[in-house]
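Structural overview
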Amino acid sequence: MNKTIHHIRQLFGDMLYTMFPDLCIACIRQPKISGGFFCVECLHNMPYTDHFNIRQNIVTNHFKGRITLHHGAALLTFRDLGIVRNMLHGLKYKGKKETGIILGEIAGRKLIESPLFETPDIMIPVPIHPKKKLIRGYNQSGVFGHGVSVASGVKMSENHLIKYTETASQTGLSRTERVKNVSDTFAVTRTDDIMGRHILVVDDVVTTGATIEACCLKLMEAGAGKLSVLTIAAGG
Ligand SMILES: [Zn+2]
């Protein structure tokens, strides 16, 4: 029953997105404040993390003992049925590119103000398969990265790391095998630009972290000097 109510709410929310473009991009209920993107309530309740100022956080802890990160941060704390979920859903499934760019710009400003992030040389979004990109019209991580790039001045490339084949079944694989399995679907196209550089990997959300880890692995194999991670959201 609860699930049905949730689906109805979701559907209603999706309709509102389309019908009322002036509604807050997070709750899709209240009007945006003048010149802004959120309503007053969401503006005050936005679950920003302290990751830009704290060395040990959910993101860095997530990759501890697996990938050596220069630093890692998520802009927001992910809560399953909350406003963060609305925004991620809108960006990934409802064509709300604007949401990704806005969140990217906020994250980009925090990145350059952070005492823990050295400015990366290049930013690389977690790639998606070209077929998926064709259907969606964009890579949601690339859209977020574009916003980060606009605000921080860090150049983004969607051509240095590509996903050239679909991921084979992950059933029955250990975590390490899963990461390797995903990593085998990625290819670095221009190693010269990666070698010895500080690469910022951007994605929409850290869930298991296996995909981001697989990207980092591939970039390390290509000679990346330093790796950092930035996402819109992380659990916890
Ligand atoms: Zn709102």
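Each remark here, short or long, concerns the structure printed above.
Report on the accompanying structure. (Residues numbered from 1 in each chain as written. Predicted model: local features only at pLDDT ≥ 70, side-chain atom pairs only at ≥ 80, totals over all residues.)

For strand β5 (residues 198-206), the buried fraction is high: eight of the nine residues fall into the buried class. Bridging between strand β2 (residues 122-125) and β5 involves four bridges; their strand directions are parallel. Bridged to Pro-125 within β5 is Val-202. In terms of strand pairing, β5 meets strand β6 (residues 226-234) through eight bridges, oriented parallel. Along β6, the bridge assignment pairs Val-205 with Ala-233. Each parallel crossover has a hand, and for β5 linked through helix α9 (residues 210-221) to β6 it is right-handed. (Buried ≥ 20, exposed ≤ 12 C-beta atoms within 10 Å, placed from the backbone. Helix = DSSP H or I, 4+ residues; strand = E, 2+ residues; numbered from the N terminus. Pairing = 2+ DSSP bridges. Right-handed = clockwise from strand over helix to strand, strands pointing away.)

In this section: the pairing of strand β1 (residues 71-77). Burial within β1 is extensive, with six of its seven residues counted as buried. Relative to β6, β1 is paired through six bridges, and the arrangement is parallel. Across the sheet, Leu-76 pairs through a bridge with Ala-233, a residue of β6.

Let us look at the packing of helix α5 (residues 97-113) against helix α7 (residues 140-152). Between α5 and α7, the shortest axis-to-axis distance is 6 Å and the interhelical angle comes to 45°. The orientation of α5 relative to α7 falls into the category oblique. Considering the relative orientation of α5 and α7, their crossing is right-handed. On α7, the residues touching Lys-97, Gly-100, Ile-101, Ile-102, Leu-103, Gly-104, Glu-105, Ala-107, Gly-108, Arg-109, Leu-111 and Ile-112 of α5 are Gln-140, Val-143, Phe-144, Gly-145, His-146, Gly-147, Val-148, Ser-149, Val-150, Ala-151 and Ser-152. Split into classes, the residues belonging to the contact of α5 with α7 amount to eleven nonpolar, nine polar and three charged. (Axes fitted to C-alpha atoms, helices over the stretch in contact; angles between N-to-C directions. Parallel < 35°, antiparallel > 145°, perpendicular 65-115°, else oblique. Left-handed = near helix turned anticlockwise from the far one by under 90°. Contact = placed C-beta atoms within 7 Å. Nonpolar A, V, L, I, M, F, W, Y, C, P; charged D, E, K, R; others polar.)

Taken in spatial order, the four strands of this open sheet run β1-β6-β5-β2, and their pairing is parallel. For this open sheet the edge positions go to β1 and β2, each flanked by a neighbour on one side alone. Sheet twist, expressed as the average angle between the axes of neighbouring strands with direction ignored, equals 20°. Against the sheet, helix α4 (residues 83-93) makes contact with β1, β5 and β6, and its axis sits at roughly 105° relative to β5, the strand it touches most. Strands in contact with α7 are β2, β5 and β6; relative to β5, the strand with the most contacts, it is inclined by about 125°.

Honestly, that's just the spatial picture; any functional story needs more than this.
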